[in-house]
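A look at the structure
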Amino acid sequence: MRYLMLSKTASNEPDEKLFTEMAAFIEEMTAAGVLLATGGLDGTGFKLSSKGDEITVTDGPFTEAKEAVGGFALVEVRTKEEAIEIGRRFLKIVGDGESEIHEVFA
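Conventions used here
Residues numbered from 1 in each chain as written. Predicted model: local features only at pLDDT ≥ 70, side-chain atom pairs only at ≥ 80, totals over all residues. Heavy atoms only, no water. Helix = DSSP H or I, 4+ residues; strand = E, 2+ residues; numbered from the N terminus. Buried < 20%, exposed > 50% of the residue type's maximum accessible area, 1.4 Å probe, protein only. Contact = heavy atoms within 4.5 Å. Lys, Arg positive; Asp, Glu negative; His and termini not counted. Charge placed at Lys NZ, Arg CZ, Asp CG, Glu CD. pLDDT = per-residue confidence, 0-100. Pairing = 2+ DSSP bridges. Salt bridge = Lys/Arg side-chain N within 4 Å of Asp/Glu carboxyl O.

What follows covers the overall build of the protein chain. For the protein chain, the helix and strand inventory stands at two helices and six strands. Listed N to C, the secondary structure of the protein chain is β-α-β-β-β-β-α-β in terms of helices and strands. Referenced to the eigenvectors of the C-alpha coordinate spread, the extents of the protein chain come out at roughly 45 × 35 × 20 Å. Across the 106 residues in the protein chain, those meeting the buried criterion constitute 20%. Nonlocal contacts in the protein chain, meaning residues at least 24 apart in sequence, comprise 78% of its contacts between residues at least 6 apart. Each charge class in the protein chain was averaged separately, 11 positive and 20 negative side chains, and the resulting centres sit 6 Å apart.

Turning our eyes to something else, we now look at the confidence of the model for the protein chain. Residues shown with low pLDDT carry predicted positions that ought not to be read at fine detail. With 94% of its residues at a pLDDT of 70 or more, the protein chain has an overall mean of 89. Of all secondary-structure elements in the protein chain, the lowest mean pLDDT belongs to strand β1 (residues 2-9), at 90, while strand β5 (residues 71-76) reaches the highest, 95.

Right, let's get into the pairing of β5. Residues of β5 alternate between two faces, with Gly 71, Ala 73 and Val 75 buried on one and Phe 72, Leu 74 and Glu 76 left unburied on the opposite face. In terms of strand pairing, β1 meets β5 through six bridges, oriented antiparallel. In the sheet register, Tyr 3 faces β5, and the bridge partner there is Val 75. Pairing of strand β2 (residues 35-40) with β5 involves five bridges; the strand directions are antiparallel. Bridged to Thr 38 within β5 is Ala 73.

Per the stated rule, a full pass over the model turns up six salt bridges. Between Glu 21 and Lys 17 there is a salt bridge whose closest N-O contact spans 3.7 Å. Of the two residues, Glu 21 and Lys 17 both sit in helix α1 (residues 16-31), four residues apart, roughly one turn of that helix. By relative accessible area, which is 56% here, Lys 17 ends up exposed. In this structure, Arg 89 engages Glu 28 in a salt bridge whose closest nitrogen and oxygen atoms are separated by 2.8 Å. With Arg 89 in helix α2 (residues 80-94) and Glu 28 in helix α1, this residue pair connects regions lying 61 residues apart in the sequence. On the accessibility criterion, Glu 28 (38% relative accessible area) is partly exposed. Salt bridges sharing partners connect three or more residues here, namely Lys 8, Glu 98 and Glu 100.

Next comes the structure, spelled out in structure tokens:
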């Protein structure tokens, strides 16, 4: 099962401890074959909307900064519970915030 994990962390200033713990976590998940991709996301972005034959492009940002998605991870696990546990471990490293986790259907 694949899950897309989106992080919405509070504006915590990263420090050396966070970088060290996150690097170890990413290395562990990659070595285990769980982590397929990860990255940070542009805070502004843009969106496409369609109505009939018309496509509109709108530049962001679209939400309050505290609601903006700041990063993602694509993981492959056996169960939903494993995805939740990875999310818990991630939040313990980064601190306050929230993560949305969505199953990816192939």
